[in-house]
Every structure is written in C-alpha cells, then in structure tokens.
4 protein chains.
Amino acid sequence: MAQFSKSMKKIAIFTSGGDAPGMNAAIRSAVRVGIHSQVEMVGVIGGYSGFLEQQCQTLTPRDMANIIQRGGTILKTGRCPEFLRPEYRKKAADFIHQQNFDGLICIGGDGSFTGAHLLWEEFKIPIVGVPGTIDNDIWGTEMTVGFDTAINTALEAIDKIRDTAASHDRLFIVEVMGRNSGFIAAHVGLAGGAEGIFVPENPISVEKIIEKIKNGLSRGKTSSILVTAEGQKPGRAYDLAEQIRKKSGFDAKVCILGHQQRGGSPSASDRILASRLGAAAVTSLIEQECDVMVGVMSSQIVRVPFADAVSKEKKLDKDHLNLAAILST
Amino acid sequence: MAQFSKSMKKIAIFTSGGDAPGMNAAIRSAVRVGIHSQVEMVGVIGGYSGFLEQQCQTLTPRDMANIIQRGGTILKTGRCPEFLRPEYRKKAADFIHQQNFDGLICIGGDGSFTGAHLLWEEFKIPIVGVPGTIDNDIWGTEMTVGFDTAINTALEAIDKIRDTAASHDRLFIVEVMGRNSGFIAAHVGLAGGAEGIFVPENPISVEKIIEKIKNGLSRGKTSSILVTAEGQKPGRAYDLAEQIRKKSGFDAKVCILGHQQRGGSPSASDRILASRLGAAAVTSLIEQECDVMVGVMSSQIVRVPFADAVSKEKKLDKDHLNLAAILST
Amino acid sequence: MAQFSKSMKKIAIFTSGGDAPGMNAAIRSAVRVGIHSQVEMVGVIGGYSGFLEQQCQTLTPRDMANIIQRGGTILKTGRCPEFLRPEYRKKAADFIHQQNFDGLICIGGDGSFTGAHLLWEEFKIPIVGVPGTIDNDIWGTEMTVGFDTAINTALEAIDKIRDTAASHDRLFIVEVMGRNSGFIAAHVGLAGGAEGIFVPENPISVEKIIEKIKNGLSRGKTSSILVTAEGQKPGRAYDLAEQIRKKSGFDAKVCILGHQQRGGSPSASDRILASRLGAAAVTSLIEQECDVMVGVMSSQIVRVPFADAVSKEKKLDKDHLNLAAILST
Amino acid sequence: MAQFSKSMKKIAIFTSGGDAPGMNAAIRSAVRVGIHSQVEMVGVIGGYSGFLEQQCQTLTPRDMANIIQRGGTILKTGRCPEFLRPEYRKKAADFIHQQNFDGLICIGGDGSFTGAHLLWEEFKIPIVGVPGTIDNDIWGTEMTVGFDTAINTALEAIDKIRDTAASHDRLFIVEVMGRNSGFIAAHVGLAGGAEGIFVPENPISVEKIIEKIKNGLSRGKTSSILVTAEGQKPGRAYDLAEQIRKKSGFDAKVCILGHQQRGGSPSASDRILASRLGAAAVTSLIEQECDVMVGVMSSQIVRVPFADAVSKEKKLDKDHLNLAAILST
C-alpha cells in the first residue's frame, strides 16, 4: 500500500488476463463514478498490450449504457508476456506519462496485479486493482468478480448432466476451470450434490472414490457425478476416468465445461460486487492511496497491498469439502 | 439463546411461511447430516399446521435425492394463524411430546421464528431456526436462503424489460417483492442499472424521479426503468405510474413480477448457504443450544437468539442506494 | 401480391409495432443478404415515424455484428397513429422517393402491414413484410418471429410459479399476452401443464373451471395453475380471480407476466426463422414481387399477399386445447 | 404400417437409446390419454432391458404429476445389445404375453425402432414409436422430441463462448453432438452466427475455412466461432484445431459441449411436440394401426412405417448451410 500526492484529472482503466463476467459492470461503475467526480476516464484496449500499442479512447457515460448485463469486456483483454521485460514496461510508462494519465485501474487477476505493482515500484505510477477472475483465487477478498456467475454456469451444466446420468444409471466426471485452485470445483460440487470433488488443495485417492461409488450402489444410488478442477492442463478428467476404469471397471463419461464458464450475463451478485469495486478503485485513487487491490471482506470494502494479494495464498475452506462429502451420501 | 440438556435421537424439521428457493437444499442437508450423526429425522408437513394436523413422516437419505436443485419445499409450507393462540400451541406441544421429537428445526422467516421462540419459552421444546425467505429482512444473518435466487430471477425479468424499453423509448416501473423491506428492490435496482429505486427505508419524492428522467432525456437517454418494492400491498407501481403521469405527462408502463420471484431452481450461492445452515441447525441441537437462528456473518456460521432475530431491524445499506443513484446517470 | 419492374440498388428496412425477440436477427439477415447482392441497405429508425421524421442511416455488415442474440430492435420501433391519415403517408412517400429507396422491408404485425399495403396501393412503393410479433396471430405463416421466445419466457415463469403453488397448495391465475388471440395462452398452457386455459377463441365458463378444480382436489391434486390471455386490456386475471372467489370461495393468486414476454435473447428457433425470413424478404424484392409478407408454411418459405395476411383470421387449433384439457387431469 | 385386430386394455410404454428432453412429457401424455381412454398404462424400466429383466410398474395419472418439465426420463433408458439376438427378443415377447400387454409404445431413435419393428414382424406384438432423440435424424418427421431443447442448450453455450472469444480476439471451435448427422451443428451454427459449420453431409475443406477467417480479419472481424458435429467419435474438434494450426498458424481453442446437450428442462416446443406425439401413439394403437412411428409433418400428425423411418435418410437442408455462410460475413 502506498500514499502518493497527485490529484486525479485523468484515469486510465483496462482489463487484463482472462475475461470474467462482471468486468463490464466494473468498468461502467468506475467510469461513471470517475466522471461524477470530474475525472476524465480513458479506456485502454486489450490489457497491457494496449499501453504498448497505444490503443486508448476517452469514455463517456453514454458509452457505458447497456453494458452492465454483458459478459466479456468491451475493453478487450489478453495476456501480455512482453510486460515481464523491463524495456516494455518502460515503454508503457512513457505512454502513460505522455497521455497524462494520473492514475490507472487494472481489472484482472494476480498475474495482472504483478505487472501493476511493478508500474508503481519502478515508475511511481499510481495504480489500483479490481479482482476480476472466475477462479476466486486472490488473497484479500472473499469474492472476485466473475466467480459467482461462473459457478452458476457450471452448476446449470451439472444439473443438465444429472438428468442424463440418472436416466442412464451412469457415472460422470465433470471438469470445471481452476488451474491451481479448487474454488470453482468445491463450490460447484457442493451446490451440485456431487458424489466426489477433486481439487488440488485436497488430493483424494481414486480408490476412495471408487469405494464411495460402490457404497452408493449398495444403497441403491445408481448414478454419480464427480467434479474435478482442471489441474495443470485441461483434460485431467480423462485421466481420472481411465484410472477409475482400470481399478474398478466402472465406465465414466467425461464432460469438460471449458470456456463457456467465462462468458454469459453476470449474476446479480457479480454485478453488485463489480459496481462496488469499480467505484472503490476510483475512490482509492482520489484518496491518493495506491499499489492496492480493492476487495470485499465481511461485506466491507477493503484495500489490500498488491504485494499481499499476489503472494499470499487464499485457502479453500476444508469444512466446505467435508460438508459436501457428508451430503453426497 | 438457551442451553438445554437432552441428547438428540429424533429431530423434526419443517418449513413455514412463504416458500423460498433453497429450502429443499436446507432440508436435504439437515436430514443427511442428522442421519450421519445417528439421529432419526422426521419431516412435518405444511408448516405449523402439520403439528396440529399431525402430518409427519420419517425421512431417509434416499428421500433427499435429487431435491437440491428444486424450488419450493417438499415439506410444503403455509402460514398458520391458529398458532398465535396458546391452546393451539399446547396442542402442537402435545404432539411433539407424543412423537418423542427431541428437537425441532424450523426453516422460515421472522413470523415463523416468533412461533418457534414461544415453543421454547412455553414448553421448553428445543428448536433452532434456519432463515429461509426471499426478502433477506432478518437481523443477524447477512443473507437468507432464497434471496440470491430471487434477485437473479427479478434481474432476468428486468434485463428482458430493458430490451423492450430501449426499443420503444419507454419508461417502465417494475415492482418487486418486499413488503416492509427494500432489500430485493435495492439489490435488483443496482444490478439492473435502474434509473430510480423506491424502497420503504428511503422514501424519495416522485418529483425528484421526474427531474432525473428529464435530465436523462436531455442527455440523450430515451428509456428508463424504475424499480419499486411492493409496499403494503402489491400494486404500488400503479400508484407511482399515475402520480408520474399526472405530474409530468410521462406515460409509464407497469410490470409486477409477483410470485415467480419465489420459485425456480436455487442459485449456487443459495444452495451452498442452505446446505451450510441446514447442517449448522443440526449441530446446534446436538450441541444442546437452542432458541436460536443459525445465520452467516462474515462468511462464518453464527447463532443468533430468536429474540434478537425477530425484534431487531436489519438496515438496508444506504451506500448501496447512493451508488445506484450515481451509476444510473 | 404484385409484380413491379425496378432493380434494387437501395433498400430501406424498419421495425414497426410492438417489438419481438428475433427482430434483430431478421435485420441482420436482410442487411447481410442485401449487401451480398450488391444492394445498399438503409435502416429507418423508430418504425413509420422514422419516415416522417426522416431518421435513417446506411447499415454495414459490421453494424450487424453481435446483434443476432439481442432482444428488442436496434432500429427501434413504435406505433405511428399519424400513418392512418393520407397526408402523412404522402409525406413518407416523398421521403422515400427523395432517398431513392427502391424497396422497403417492414418487420412487424398486421397493423404495420396495413400501412405497408397502402404504401404500395397509393404510391407503388415496392414493400415486403416480415411477420414479427410475439402473438403469432398472422394468417399465412405458421410462425411469427418472436412467438417461440415469448412462450418459452412465459413457460419459465410458470414453472417457477408451480414451485410456489405446489408448496402452498394454491390456485394461481397467470395472465399472458395476446389481446385478441390465444396462441400464447394455448401453447404455454399446454406446455406448462395448466389446469385451465382461457382464450378469446374458446370461451369456457368459470363454473366449468371450478368443477375441474374440485375434481382435481377430490383426486388429491392440491394446487392448480390457470392460464389466461390478457383480453381487451391487461388485468383480466383479476376479474377471473374475483369470479372464482365469489362462486367457489377458492382464493386465487394472480400473476400478470407483462412486458418481460417481449424481451430476452431470441430462441434458436426464432433466430433461424428470422434469418430465413429476413433473407426471403430481400429475395422477394430482388425478384420484383411485392405487396406480400414472407412467411413459412410446412417448413417452406411462402409469399402471402398483404391483403390476405391482414384480413384473414388464423385459427387456433382446437385439438390443442382439447389435448391440454385431457392432460391436466 | 400394419393393421391388427385387438382392443387395447393394457399398454406398456418405455424409453430407449439416448435420453432426450421431452421424453417425460411424452410419457405423461401417453399415460394420461391412455387412462382417459380406459386403458391401463404400464411403464417398463430401462429400455428393452426392462423386458428382459422383467421390470415394470403400473402408472397412474398422479405418477405423471410434475414431470412435464423434467429432463431425462423417469422410466430410465439405455441401449440393449442383447436385443439384436433372436433368443432375447423371444424372451421379451414371452414377458409381454405373460403380462397381457396389448400394445407397446417405444420412445427412442432409429436403433430403438429397429427393435420395435422386429417385435411386430416376429411376434405380431402391436407397437408404435415416438421419435425421441436430440439428433433429429429420423426420416418421416420434421422434428424429433428433444432437438429443440438441445439446440437451445448448445446455443446458450455458444453465446457465452462468444463473449470470451470477442474479448480475447480468439478463434473457437465448438463441438456439438450429432454422430452421423449435422442437424444440431447446422441449426446451432446458423442461430449462433458461426463463421463456419462442419457437418458430415457437406464436407468443407480446412483451407476454405482458413481463407474465410483471413477475409474476416481483413474486414476487421477479430474473433470467430466454428461449429462442428462430433463425427464418428467425440473429439473431432481437436483434429480440426490441429489442422488449422498447422496450415495457418491460427491458434484455435476447443470446446466440446458434450452430454449437457441431452439434459435440461424441455423447451415449450419440445413439450408440445412430445405431448402431441405421446397422445398420437396411444390413438394409433387404439385405432389398431401399428408398426409405425408417429411424427409431425407440416404441423400435422403422421404415421410413418418403421421400415421407412429406419431406412430412409433425412436430408439436411443445404439452403440452411448456404444462408449461414452468407450471414457470417
């Protein structure tokens, strides 16, 4: 967290990393709150690349009309590997100075915040982050923008798969997003009544799952759904299915939900969170506090140093998994 | 809050008052957690009336299959005015003793908790409440089961109405549920980008709204949506429309969302909340603490005395309304 | 139906009357097919009023990006009572000649087609119609653009209301759109398993419905949903509820679905129908046949004289209502 | 098609092959219409296996309550390879005679109808089919039960993927169901505005698609979605992505929609179709006509000999694909 001394006349906003539902609601809120506070708001296009390629445009309240309900991001996004190299960050900083951006708002995940932190560290460019990622894997905020929508999307798919699983007495393995973190899998698994949940944080053996399926069968449960986080690369569900087949003879069907989890109209909860955090980011810059991510803890807005947000690990609640295990009997 | 000394061998569970999405998820969780703890679980049918009409049945884990995603309540519900009279409560208590129910779990709103509190006060029947109401108007818990689903349902309707409002350059007034409380209206209004929000907690004048609509028109905004809580009886939106017409000549179309807000498959968030609270209610009884509602504050399970839950007023966050006002410019 | 002799270099397209989901898909298709055939495509804004207020703009393929899934109409719409008077139609014709529009495409309902027919009759302006109305009440086409989406929207609401009806053992009356025609009510009633359907084409007595509800009760059916078309003005459901209460004592809850039935992302079927009809309208103009509506019969594109489309009455299939009556036992 | 002479006192109904949304609506309709005609209705469980394992139960109107909106099939389904062997068919026929089933109703696809045809041929058991498959690949009926729901499910997924495709300027390949037939892919591709559609009936070269993507890029179109039918086994999309990468360097993301396409609450159109066909199947048996599938052509109920339904090929409308190609410019 850092104090700086500069009044905000012009703020640039951009989205970075994977897109998440609610990013547009965050943009809309920041832009309208900024303009309401007499700040000129500029959108930079395509994430960090937009600074390198000098793509930006002033945003008006009218540009924000009718976007709160749209998935994706009107400012486009992407990953920008060049930004790992100092000479490119220098180039971005030059552009920022040349455009007279007094402050920056970055909507993205921890990779994006690492870059943001460096812009402050190296060039003293005031920058504030809004946590926007479906993975919910950012320390310092209970929820990230996009998570609630993503789990509802995955849940709808699982509800549909359960129809067919129950009709055919089948075993399904559903793979949801979440590379290094099991938040989506754990929440969707609990909400979807999954018979087993595989997350990186809590490895369980295939043997145990097989035993559970057998127990279920003996009690008259003829279909089961397992939920797994994707792991290091999409496709983990195929490995699991193969292991289960080898060790038990059970034939498991695989469903990989994939990128549909990123899209769709944001849920009420995500729109509200995004609106609150977009506004809070502008306020933080106006109050001259930067190098922070704005988040929400116990329903209150908090400011979390980027250094903490990117280095500390948000723990998955084990009670959650235990409850899911009891409930899926 | 009260301690009692009785071990749980048989717990009765029932739903009471207006139904809310997620009630089935709470029932499923309580029943499976109870049975997992060697407690016999019995469902009482139709709310408090079920005790008077002696309608109940033992529930098995299999009875809980495939209900987590269902709206409504498999135990049925209703209001029971007789329960306001001591002789009927006595009759219920007799039935409870006769059936050897060691504890009760009541899923409902504040009216239901008033009855629950009396059962403890008058007959020392251990009873724990789970807040289940779409209105979210219960003190002591950040969220009630059903609220998240209801605002998403209302939001979908508003998104649809916005399509037609924008195509016709029209003014719409959308009436959502919430008799004495504006939680649904405030959340839906913010999430839906409403140009005005009418809630009992924060009366605003029709003149102010008209001025706002005119300002919007002068800036090129040709359609508007106002959201209002229903007030003392459904139909308030018609009064508003009439007032607006008289004072400004603007012709406002009225939509009353009504009972569809109560139904539908519960959202992920409601299913998880319901699962956690259903389990927590059983735990509270097993730990011999009663006369409480279980709730969630700052993501943690809490136990709130019924006396507080029914008497204290949960305040609507004014920041919320202020933010909505700024964002709808 | 009329032949004319003029090659198409510039076509104007507009939407008129009530908006319907899929209108944008029809616009997109007509515009892209037109441009693909080397025709300049111009959008007239706000229905017939756009001709009087001279509001139009050339449309490019890029303008059509990302609209196929949007509800409402990007060209805006409205009713235009002035168009009933010859002097205004003359004014419109002057504008059309001045702009060198070789042909017109009107997306709307029978009121809109009456105006379209007059433009041909009085000024020999080649014009073709695309049936776009949620009511499906246009003779000569099996389906109108928007109907399928509207019935699915209404059906989702009814499914939700059934949750709460079943939980409370209640009687509900759900009012759907359809002023003079019962297509929406009949289809939604059959698809929603309604216990009674009230449509203008097939009046049934309240007594008969009451008898049916009583029969259902005697067989253990404790909740019922009646579906009614709105009739001459919205609110008919309240009258029905009052009559039922007076004659039977049953207390019926009322839900008026209202304008949400007009909005929302169009269904697959509506997008495909709209795409086919939008293209067919351009083809008809290019083939120099006008004064017709394009429609679909037995899966084939047909051209129907405006005179027939607006004067003949499309009959509601009575088998449909009979089947619904048998199925709701 | 065959006439037989036996009056219906007891009809058995079963679902067979892959499940499809709307099967329950068809069961409900057949059962209620049957009972309305004084026929006893019996459900056989698990498809043809149910005859071999002698699993069946009498169905009442109350058993049909609240299933019209459910995905899957309450009678369960499956494939039954044993039924290809005469001795097993004999066993089934013995069971049918022993149970005094006067007629059979089979809800399924062409594999199921082949078995049905043999039951008539070999044992003169009157049997009528209802086309229930999401693939819509059955000759003699314009639509099969489940197709409309499946394309809407796939379309929702594609709309979501488009959000993320547009935000990242990405190329996506979405694989939908349809082993030997491209109906789902063609309809979803047209409705979703896909830039390319790969179906078995109309092979197009990868080179052509690459050229199209390049043309789009040159006109400012930065994201594209291709839709492909799954082909002989799921995973075809990966092959396509690899070919495109090799030949053009474009990096395409893959989404395989999978089994979620089979589930979900049936659409209005599917519920109505299923209700009509379920009723028509009973009527056909009562009218003593069998060895047929009931279907719908030009909105009318038709009876199609099994021999035709299973041997003739339903053609995909090429105009459909051509239109999609023009519209995705």
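Owing to the predicted nature of the structure, the values given are computational and were not obtained by experimental measurement. (Residues numbered from 1 in each chain as written. Chains lettered and ligands numbered in written order. Predicted model: local features only at pLDDT ≥ 70, side-chain atom pairs only at ≥ 80, totals over all residues.)

Asks: Break down the overall build of chain A for me, citing the residues and quoting the values.
Replies: Of the regular secondary structure elements, chain A holds eleven helices and 13 strands. At 22 Å, chain A has a C-alpha radius of gyration in line with the 20 Å of a compact globule built from 329 residues. Dimensions of chain A, computed from the C-alpha atoms along their principal axes, are close to 70 × 40 × 35 Å. Here chain A holds 329 residues, and the buried ones make up 62% of them. For chain A, the proportion of contacts with a sequence separation of at least 24, taken over those separated by at least 6, is 75%. (Helix = DSSP H or I, 4+ residues; strand = E, 2+ residues; numbered from the N terminus. Rg over C-alpha atoms; globule rule 2.2 N^0.38 Å. Buried ≥ 20, exposed ≤ 12 C-beta atoms within 10 Å, placed from the backbone. Contact = placed C-beta atoms within 7 Å.)

Asks: An account of the interface of chain C and chain B is requested, with residue identities and associated values reported.
Replies: At the interface, 28 residues of chain C touch 28 residues of chain B. Counting residues per element, the ones that place at least two in the side of chain C that touches chain B are helix 5 (147-168) and strand 10 (252-256) of chain C. Its residues assigned to classes, the side of chain C that touches chain B shows six nonpolar, 14 polar and eight charged. (Nonpolar A, V, L, I, M, F, W, Y, C, P; charged D, E, K, R; others polar.)

Asks: Kindly report on the interface of chain A and chain D, identifying the contributing residues and their values.
Replies: Every contact between the two is made by 28 residues of chain A and, on the other side, 28 residues of chain D. Secondary structure elements with two or more residues in the side of chain A that touches chain D: helix 5 (147-168) and strand 10 (252-256) of chain A. Per-class residue counts for the side of chain A that touches chain D are six nonpolar, 14 polar and eight charged.

Asks: So, the arrangement of the chains: which residues are in play, and what are the values?
Replies: Across the gap from chain A to chain C, with no contact made, the nearest C-alpha atoms are 11 Å apart. At their nearest point, the C-alpha atoms of chain B and chain D are still 11 Å apart, with no contact between the two.

Asks: Go over the relation of the copies chain A and chain D, please, and point to the residues and values.
Replies: Of the transformation placing chain A onto chain D, the axial shift is 0.0 Å and the rotation is 180 degrees, giving an RMSD of 0.0 Å. Such a combination of rotation and displacement between the chain copies is what one expects of a two-fold axis. (Least-squares fit on C-alpha atoms with pLDDT ≥ 70 in both.)

Asks: Provide a residue-level description of the domain arrangement of chain A, including the pertinent values.
Replies: Residues and elements named next belong to chain A. Domain boundaries assigned for chain A yield domain 1 (2-146 + 266-311) and domain 2 (147-263). Computed from C-alpha atoms alone, the centre-to-centre distance between domain 1 and domain 2 is 34 Å. At the interface, 18 residues of domain 1 touch 14 residues of domain 2. In terms of residue class, the side of domain 1 that touches domain 2 is built from five nonpolar, nine polar and four charged. (Domains from an automatic or database assignment.)

Asks: Tell me about the sheet that holds strand 7 (residues 171-176) of chain B, residues and numbers included.
Replies: Residues and elements named next belong to chain B. Strand order in the open sheet made by the four strands is 8-9-7-10, with parallel pairing throughout. Looking at the sheet topology across the chains shown, the edges are occupied by strand 8 (196-198) and strand 10 (252-256). Shown here is a sheet whose adjacent strand axes are inclined to one another by a mean of 20 degrees, direction ignored. Across six bridges, the pairing between strand 7 and strand 9 (residues 224-229) is parallel. Looking at the pairing, glutamate 175 lines up with threonine 228 of strand 9. In the packing of helix 6 (residues 183-191) onto the sheet, contacts are made with strand 7, strand 8 and strand 9, and the angle to strand 9 comes to roughly 160 degrees. Lying over the sheet, helix 7 (residues 206-218) contacts strand 7, strand 8 and strand 9, oriented at roughly 160 degrees with respect to strand 9. (Pairing = 2+ DSSP bridges. Axes fitted to C-alpha atoms, helices over the stretch in contact; angles between N-to-C directions.)

Asks: Provide a residue-level description of the environment of glycine 182 of chain B, including the pertinent values.
Replies: Residues and elements named next belong to chain B. Tracing the backbone through its elements, the reader meets glycine 182 in the loop between strand 7 and helix 6. Residues glycine 182 and leucine 316 lie 134 residues apart in sequence; the distance between their C-alpha atoms is 7.2 Å. Excluding residues within four positions of it along the chain, glycine 182 makes contact with Val199, Pro200, Glu201, Ala229 and Leu316.

Asks: Account for the sheet that holds strand 10 of chain A, with residues named and values stated.
Replies: All names here are of chain A. Taken in spatial order, the four strands line up as 8-9-7-10 in an open sheet, and their pairing is parallel. Pairing within the sheet leaves two strands with one partner each, and these edge strands are strand 8 (196-198) and strand 10. Each strand axis lies, on average, 20 degrees off the axis of its neighbour in the sheet, ignoring direction. Across three bridges, the pairing between strand 8 and strand 9 (residues 224-229) is parallel. Across the sheet, the residue bridging to phenylalanine 198 is threonine 228, located in strand 9. Strand contacts of helix 5: strand 7 (171-176), strand 9 and strand 10, with the helix running at about 170 degrees to strand 7, the strand carrying the most contacts.

Asks: Tell me about the environment of glutamate 211 of chain B, and please be specific about residues and values.
Replies: By secondary structure assignment, the location of glutamate 211 of chain B is in helix 7. With 121 residues separating them in the primary sequence, glutamate 211 of chain B and lysine 90 of chain B have C-alpha atoms 57 Å apart.

Asks: Explain the relation of the copies chain C and chain B to me, and be specific about the residues and the numbers.
Replies: Rotating chain C by 180 degrees and translating it 0.0 Å along the rotation axis places it on chain B, where the RMSD comes to 0.0 Å. The share of interface residues of chain C whose copies in chain B are also at the interface is 100%, consistent with both copies meeting through the same surface.

Asks: Give a description of helix 9 (residues 268-286) of chain B that names residues and reports values.
Replies: All names here are of chain B. The end-to-end C-alpha distance of helix 9, which contains 19 residues, comes to 27 Å, matching closely the 27 Å that a straight helix rising 1.5 Å per residue would cover. Within helix 9, 17 of the 19 residues are buried, leaving the element largely enclosed by the surrounding structure. Trailing helix 9 by a residue or two, glutamine 288 shows a phi angle of about 60 degrees, which is positive. (Expected span 1.5 Å × (residues − 1).)

Asks: Give a description of the pairing of strand 10 of chain B that names residues and reports values.
Replies: Residues and elements named next belong to chain B. Most of strand 10 sits inside the fold, with four of its five residues counted as buried. Relative to strand 10, strand 7 runs parallel, the two sharing five bridges. Directly across from phenylalanine 172, in strand 10, lies its bridge partner lysine 253.

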